[in-house]
Amino acid sequence: GENVEQHPSTLSVQEGDSAVIKCTYSDSASNYFPWYKQELGKRPQLIIDIRSNVGEKKDQRIAVTLNKTAKHFSLHITETQPEDSAVYFCAASDTGTASKLTFGTGTRLQVTL
Amino acid sequence: SQTIHQWPATLVQPVGSPLSLECTVEGTSNPNLYWYRQAAGRGLQLLFYSVGIGQISSEVPQNLSASRPQDRQFILSSKKLLLSDSGFYLCAWRLAGGGYTFGSGTRLTVV
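Residues numbered from 1 in each chain as written. Chains lettered and ligands numbered in written order. Predicted model: local features only at pLDDT ≥ 70, side-chain atom pairs only at ≥ 80, totals over all residues. Heavy atoms only, no water.

(A) Representation of the layout of surface pockets in the model. Of the voids in this model, the largest pocket is the one considered here, and its volume is about 750 Å³. Residue lining of the largest pocket: 35 residues in total, with Q38, A39, A40, G41 and R42 of chain B positioned closest to the centre. Of all the elements in the fold, those that place two or more residues in the lining of the largest pocket are β9 (86-92) and β11 (107-112) of chain A together with β4 (33-38), β5 (44-52), β9 (87-94) and β11 (106-110) of chain B. When residues in the lining of the largest pocket are grouped by element, the largest group, 4 residues, is from β11 of chain A. Its residues assigned to classes, the lining of the largest pocket comprises 11 nonpolar, 18 polar and 6 charged. Size it by volume and the second largest pocket reaches roughly 370 Å³. In terms of lining, the second largest pocket is formed by 19 residues, of which the most central are E2, K100, L101 and T102 of chain A together with E59 of chain B. Broken down by secondary-structure element, the contributors of at least two residues to the lining of the second largest pocket are β10 (102-103) of chain A together with β5 of chain B. (1 Å grid on protein atoms, 1.4 Å probe; cavity = no way out; pocket = protein on both sides within 12 Å on 5 of 7 lines; lining within 4 Å. Points joined across faces, edges and corners; volume = space filled by probe spheres on them. Helix = DSSP H or I, 4+ residues; strand = E, 2+ residues; numbered from the N terminus. Nonpolar A, V, L, I, M, F, W, Y, C, P; charged D, E, K, R; others polar.)

Below, the structure written as structure tokens:
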């Protein structure tokens, strides 16, 4: 089955700096890669996703890049703000009928003033 | 629009007691449904998933079971809870095209 590794486990940045979180996956059949943000005590919320036919996707201050050859993908947050502080999870799956998301172990991002 | 409901929000149960958590989806038909568990400060572990009524796949053999009696209803059960069953239980459904949306979760504490 799929295995997703995520680094770093914790990340502290100053407000306004950029943050980068990296993930690798093992199953070459995976073609869908979402990123979730989870605030304390809340459900994970989808913030951005990318499919294997695209190398990069941006949404305002958030971008995701995908390298299918190397089987890794990254989340980039620019101009970080205190409200970006949360746990971020990457995930991977195929998009078949019985697809299932496999999550990374999470990165706790702390944006300091 | 599609919505997902999950209840209860919190639950404190004694060891050995039964469990029933329910999840329902509105605004779609024949969704893929999932149960995930998150231990405190940890990642998300897939427990069960279902692609249709009565079709349940188990990812982790354990003290829990799942059922899908109706198209948009997914139930997580246990006959006898263990301390290790404590955690944050999340139901999810898959949007057309691959996106997954989570319910608000049930925080279960087994005492």
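(B) Examining the pairing of strand β8 (residues 72-77) of chain A more closely. Residue and element names in this part refer to chain A. Here strand β3 (residues 19-25) runs beside β8; their pairing, made up of 6 bridges, is antiparallel. Along β8, the bridge assignment pairs K22 with S74. Relative to β8, strand β7 (residues 62-67) runs antiparallel, the two being bridged by 6 bridges. Paired with I62 across the two strands is I77, which belongs to β8. Where β7 folds back onto β8 in an antiparallel hairpin, the turn is made up of 4 residues, including K71, whose phi is positive at roughly 55°. (Pairing = 2+ DSSP bridges.)

(C) Broad picture of the pattern of salt bridges. Counting across every chain of the model gives 6 salt bridges over all chains. For K100 of chain A, the salt bridge is made with E59 of chain B, and the minimal N-O distance between the two is 2.9 Å. Placement of K100 of chain A in the loop between β9 and β10 and of E59 of chain B in the loop between β6 (55-58) and β7 (65-70) is noted, with the two residues assigned to different chains. Classification of K100 of chain A as partly exposed rests on a relative accessible area of 30%. A salt bridge links D71 of chain B to R68 of chain B; the nearest nitrogen and oxygen atoms lie 3.3 Å apart. (Salt bridge = Lys/Arg side-chain N within 4 Å of Asp/Glu carboxyl O. Buried < 20%, exposed > 50% of the residue type's maximum accessible area, 1.4 Å probe, protein only.)

(D) Broad picture of the packing of aromatic side chains. One pass over the structure, following the stated rule, counts 14 aromatic pairs over all chains. Ring centres 5.5 Å apart and planes at 80° place the aromatic pair Y36 of chain A and F102 of chain B in the edge-to-face group. Of this pair, Y36 of chain A sits in strand β4 (residues 32-38) while F102 of chain B is found in strand β10 (residues 100-102), placing the two residues in two different chains. Residue Y36 of chain A is classed as buried on the basis of its relative accessible area, which comes to 0%. Taking relative accessible area as the criterion, F102 of chain B reaches 1% and is therefore assigned buried. Connected via pairs of aromatic rings, a cluster forms that spans Y36, F89 and F103 of chain A together with Y34, Y36, Y49, Y100 and F102 of chain B. Here R107 of chain B stacks its cationic end above the ring of F88 of chain B, 4.2 Å away from the centre of that ring. (Phe/Tyr/Trp six-rings, centres within 6.5 Å; stacked < 30°, edge-to-face > 60°. Lys NZ or Arg CZ within 6 Å of the ring centre and 35° of its normal.)

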